[in-house]
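# A closer look at the structure
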Amino acid sequence: METRAVIIIGHSLFAETLAQMLVRSGQINVLACVQSPEAALTLLTTVRPDAVILAEADQELIGGCGRLLLAQPDLPIISADLNTPNVQVITSQRIGTRPADLLTALAELPRRA
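This report concerns the structure included in the present document. (Residues numbered from 1 in each chain as written. Predicted model: local features only at pLDDT ≥ 70, side-chain atom pairs only at ≥ 80, totals over all residues. Heavy atoms only, no water.)

## Observations regarding the pairing of strand β1 (residues 4–9)
As a reminder, the rule being used: For the exposure calls, accessible area comes from a 1.4 Å probe over protein chains only, and a residue counts as buried if that area is under 20% of its type's maximum, exposed if over 50%, partly exposed in between. Strands are runs of DSSP state E lasting at least two residues, helices are runs of H or I lasting at least four, and both sets are numbered from the N terminus onward. Paired strands, as defined in this entry, are two strands with at least two bridges between them according to DSSP.
Counting buried positions along β1 yields 5 of 6 residues, so the element is predominantly enclosed. The sheet contact formed by β1 and strand β2 (residues 28–34) spans 6 bridges and is parallel. When the bridges of β2 are listed, Ile 9 appears paired with Val 34. With 4 bridges joining them, β1 and strand β3 (residues 51–54) adopt parallel strand pairing. In the strand pairing of β3, Ile 8 is matched with Ile 53.

Next up, the structure:
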């Protein structure tokens, strides 16, 4: 398996522990641990990670995800939190502005269970 590069956003013991665990796996290169989405945005001007990991469910941090997706629409954001039993992968897809583009995007969405 090829090594993947990530940036971790969070200012908690969980974020630090997560970074250490990922590095120990030998499959992940943690490029940086930053405290805010704004710091990650600044860092994204010089590095190109495979994903950003949001290492806590702080509402301010979650709000910054939109800014990250606007700046880097092809960058997956993985939200992980100790208080939830799963992780969430947040992605973005840009489409054209014509009504037909929107209709096509809606038609291609997977059905919700």
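We are not done yet, so read on.
## With respect to the sheet that holds strand β4 (residues 77–79)
Strand pairs in the sheet, formed through backbone hydrogen bonds, run parallel or antiparallel to each other. What counts is decided by this rule: Orientation is described by axes fitted as lines to C-alpha atoms, over the contacting stretch for helices, and by angles from 0 to 180 degrees between their N-to-C directions. Residue contacts follow a heavy-atom distance rule, with two residues in contact if any of their heavy atoms lie within 4.5 Å.
Strand order across the open sheet formed by 5 strands is β2-β1-β3-β4-β5, with mixed pairing between neighbours. The outermost strands of the open sheet, each flanked by one partner alone, are β2 and β5 (88–90). Going across the sheet, the axis of each strand differs from the next one's by a mean of 25°, ignoring polarity. Alignment of β3 against β4, held across 3 bridges, turns out to be parallel. The residue bridging Leu 54 from the neighbouring strand is Ser 79, located in β4. Relative to the sheet, helix α1 (residues 13–24) contacts β1, β2 and β3, its axis offset from that of β2 by approximately 160°.

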